[in-house]
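Next come the chains, spelled out residue by residue.
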Amino acid sequence: DVFYGLGLKGVEIEDQNLEPEEPWGEGARTGPFHHAVTGFFPDTPQTVHTLNELEKKIRSLEKNVGIHIRKELKRMDEEDWAESWKEYFWPQRITPRITVKPTWREYVAEAGEIVLEIDPGMAFGTGTHPTTALCITLTERYLSEQARFLDVGTGSGI
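Residues numbered from 1 in each chain as written. Predicted model: local features only at pLDDT ≥ 70, side-chain atom pairs only at ≥ 80, totals over all residues. Heavy atoms only, no water.

Focus on helix 2 (residues 47-65)
Inclusion rule: To qualify as a helix, a DSSP run of H or I must reach at least 4 residues; to qualify as a strand, a run of E must reach at least 2; elements of each kind are numbered from the N terminus. Given a helix with a known number of residues, its expected span is that number minus one, times 1.5 Å. Each residue is assigned to one of three classes by its accessible area relative to the maximum for its type, calculated with a 1.4 Å probe on protein chains only: buried under 20%, partly exposed between the two thresholds, exposed over 50%. Think of the arc as the fan of directions from the helix axis to the C-beta atoms.
Counted at 1.5 Å a residue, the expected span for helix 2 with its 19 residues is 27 Å, and the 26 Å between its end C-alpha atoms agrees. Those residues of helix 2 lying buried are Thr47, Thr50, Leu54 and Ile58. All buried residues of helix 2 lie within an arc of 75 degrees about the axis, which places them on one face of the element. Seen from the open side of helix 2, the exposed residues pointing more than 90 degrees away from its buried face are Val48, Lys56, Lys63 and Asn64.

Set out below in structure tokens:
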């Protein structure tokens, strides 16, 4: 909430205690090693002020809630951010027959395997999110080869 209150949209929350009810796609990353909240700040003249406000709010949390906070700042080049995430996305087998693969990776499919080749964004389209894996699994289970369907998505571009 502190990050959102400062107008930051790029926030990632990692919680060691959250476990998906069903396993994620094969080879998906396991849970985090520690609790963390990461915020991504644009490099603008306002950033120094925003960081100062963040520091005040963090110190207040430490004092009032009694949690230990460790802060790290790291500058990321905009160009690196736009492309570096691709290094971590590899083909992911979602079901025994279906694999999701980015277009920039080579992959040799097994006989009878279906490869969904997509260009995911930085946040969506990897196929390993539990709801995406569930949709892929149910599509495979309940649709015949001749069936046609429309993926309406959620309005977020998925």
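Now that the structure has been shown, the text picks up again.
Thoughts on the sheet that holds strand 5 (residues 114-118)
Here is the rule we go by: We treat two strands as partners when DSSP finds at least two bridges between them.
Reading across the sheet, the 3 strands line up as 3-4-5 and stay open at both edges, with mixed pairing between neighbours. Both edges of this open sheet fall to strand 3 (92-93) and strand 5, since each of them pairs with a single strand only.

Considerations on the pairing of strand 4 (residues 98-102)
Of all the 5 residues making up strand 4, 5 are buried; the element is thus mostly covered by neighbouring parts of the structure. Neither face of strand 4 is open: one carries Ile98, Val100 and Pro102, the other Thr99 and Lys101, and all of them are buried. Bridging between strand 3 and strand 4 involves 2 bridges; their strand directions are antiparallel. Across the sheet, the residue bridging to glutamine 92 is valine 100, located in strand 4. As consecutive antiparallel partners, strand 3 and strand 4 are separated by 4 residues. Inspection of the sheet shows strand 4 paired to strand 5 by 5 bridges, in the parallel sense. Following the sheet pairing, valine 100 is matched in strand 5 by leucine 116.

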